[in-house]
Amino acid sequence: MGIGFVFPGQGAQQVGMLDDLRATEPILNDRLASASETLGFDLGEVIRNGPEERLNQTSVTQPALLAASIALFEIWSARGGAAPTIMAGHSLGEYSAFTAAGSLRFNDAVKLVHERGKLMESAVPDGQGAMAAILGLDDERVFSICDAVDGVVSAANINAPGQVVISGESLAVDNAIAECSEAGARRSVKLNVSGPFHCQLMAPAAGELKSLLDDVEIEKPDIPVIHNVDASLAGDPAGIRDCLVRQLSTPVRWSECVATMLAHGATTVVECGPGKVLTGLLRRIDRNAEAFAIGSVDDLSVALGEIE
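Residues numbered from 1 in each chain as written. Predicted model: local features only at pLDDT ≥ 70, side-chain atom pairs only at ≥ 80, totals over all residues. Heavy atoms only, no water.

Undergrad: Please clarify how the packing of helix α7 (residues 106-122) against helix α10 (residues 203-214) should be interpreted in this entry.
TA: Packed helices, taken two at a time, are described by the angle their axes make and the gap between the axes. At a minimum axis separation of 10 Å, α7 and α10 run at an interaxial angle of 165°. Relative to α10, α7 is oriented roughly antiparallel. In terms of crossing hand, the pair formed by α7 and α10 is right-handed. Two secondary-structure elements touch here, α7 through Leu112, Glu115, Arg116 and Leu119 and α10 through Ala205, Glu208, Leu209, Leu212 and Leu213. Split by residue class, the contact of α7 with α10 holds 6 nonpolar, no polar and 3 charged. (Axes fitted to C-alpha atoms, helices over the stretch in contact; angles between N-to-C directions. Helix = DSSP H or I, 4+ residues; strand = E, 2+ residues; numbered from the N terminus. Parallel < 35°, antiparallel > 145°, perpendicular 65-115°, else oblique. Left-handed = near helix turned anticlockwise from the far one by under 90°. Contact = heavy atoms within 4.5 Å. Nonpolar A, V, L, I, M, F, W, Y, C, P; charged D, E, K, R; others polar.)

Printed below as a string of structure tokens:
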């Protein structure tokens, strides 16, 4: 039996996340303390007590989720959980996957995603970009509508059949939402995000991200990791850097990433991070795959008992 591990991206965070594990798992507190030292502010305090606006700042959200996800991965391993055979992460979660797989050192990854978050926040002025989830419309129809709308708007996250997130200029996104609704979308939801991620508007930040990645030591992963940009398996460090730079301004092809994971023998998938967003998506992509989330004491205990 193959076991895939998946790591969530932005949107999984919430004030008080993993509080029940803090009381029983010193690994979590140690990782948060280490991340805080690297960042120069108390990340654990922001996660515990907020305010929500602070935690939701992209430059804070990203290291918070990475630290939480890596702590969960280490707790799983320390409790004797089965070793993963393949990994993937959604957007920011790709950095968590590479950290868990040994490609990135933890403190390097924390600093890297903090800086990545700042680049993403500053790439587009406030109010000029937007993202929206389009639900219940054929993926290709969403793509064609985006292509036909004036201005910059395109698919940012291809999450599951009938669930595509679009990203771009605010007016173009609004017009695409209207066209998708007219075409029969079940629901179109504007997302509360700080920028239009994974579209060409992020391209100005790509050069600076490349410089950051060039300064970080990256190793070949000990466990296969699937890239967001093309659902391929990561290779050498140069290829990893290139894919992480391209990921900033191109779609997260999550449906294809999961398909690759299942094609490489994963029959059970563990969501390693707060929340259960990716578990829900997996069930939409392939109902035959077993899925577990481990973001709470109870969920962790269930998964450890079920997966051998």
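Additional details are given in the paragraphs that follow.
Undergrad: Sorry if this is basic, but what is going on with the nonpolar core here?
TA: Burial of nonpolar side chains together is a common tendency in soluble globular proteins. Counting 75 residues, the largest nonpolar core has Phe5, Leu43, Met87 and Tyr95 as the members making the most contacts within it. Of the residues forming this core, the biggest block, 12 residues, is contributed by helix α5 (residues 58-78). Excluding residues within four positions of it along the chain, Met87 makes contact with Phe5, Phe7, Phe73, Ala97, Ala100, Ala101, Ile223, Pro224, Val225, Ile226 and Met261. (Core = buried A, V, L, I, M, F, W, Y, C linked by side-chain atoms within 4.5 Å. Buried < 20%, exposed > 50% of the residue type's maximum accessible area, 1.4 Å probe, protein only.)

Undergrad: Teacher, can you tell me more about the packing of helix α6 (residues 92-100) against α7 here?
TA: It is at 10 Å that the axes of α6 and α7 come closest, and there the two elements cross at 170°. Relative to α7, the element α6 lies roughly antiparallel. Here Leu92, Tyr95 and Thr99 of α6 come into contact with α7, specifically with Phe106, Ala109, Leu112, Val113 and Arg116. Residue classes in the contact of α6 with α7 are distributed as 6 nonpolar, 1 polar and 1 charged.

Undergrad: Explain the pairing of strand β3 (residues 129-135) here, please?
TA: Regular strands have side chains that alternate between both faces of the sheet. Of all 7 residues in β3, 6 are buried, a share of seventy percent or more. The sheet contact formed by β3 and strand β5 (residues 163-169) spans 7 bridges and is antiparallel. Residue pairing in the sheet places Met131 in a bridge with Ser167 of β5. Bridging between β3 and strand β6 (residues 187-190) involves 4 bridges; their strand directions are antiparallel. Among the inter-strand pairings, Ile134 is bridged to a residue of β6, identified as Ser188. (Pairing = 2+ DSSP bridges.)

Undergrad: Which parts of the structure should I look at to understand the environment of Pro204?
TA: Along the chain, Pro204 turns up in helix α10. Between the C-alpha atom of Pro204 and that of Leu119, which follows or precedes it by 85 residues, the distance is 9.0 Å.

Undergrad: I would appreciate a short explanation of the pattern of salt bridges in the present structure.
TA: Should their charged atoms come close, side chains of opposite charge can pair. Within the structure shown, the criterion is met by 12 salt bridges. With a shortest N-O distance of 2.9 Å, Asp174 and Lys190 are connected by a salt bridge. Within this pair, whereas Asp174 is found in helix α9 (residues 170-182), its partner Lys190 is found in strand β6, the two being separated by 16 residues in sequence. A relative accessible area of 43% means that Lys190 is categorised as partly exposed. Connected via shared salt-bridge partners are Arg105, Asp108 and Glu217. (Salt bridge = Lys/Arg side-chain N within 4 Å of Asp/Glu carboxyl O.)

Undergrad: Would you mind going over the sheet that holds strand β4 (residues 153-160) with me for this structure?
TA: Sheet strands pair via backbone hydrogen bonds, and the direction of the pair is either parallel or antiparallel. Taken together, 4 strands build an open sheet; the order of strands is β4-β5-β3-β6 and the sheet is antiparallel. Taken across any chain shown, the strands that pair with only one partner, and hence form the sheet edges, are β4 and β6. This sheet shows a mean twist of 25° between the axes of neighbouring strands, independent of strand direction. The sheet contacts of α9 involve β3, β4, β5 and β6, and relative to β5 the element is tilted by about 145°. The strands touched by helix α13 (residues 277-285) are β4 and β5; relative to β4, the strand with the most contacts, the crossing angle is about 80°.

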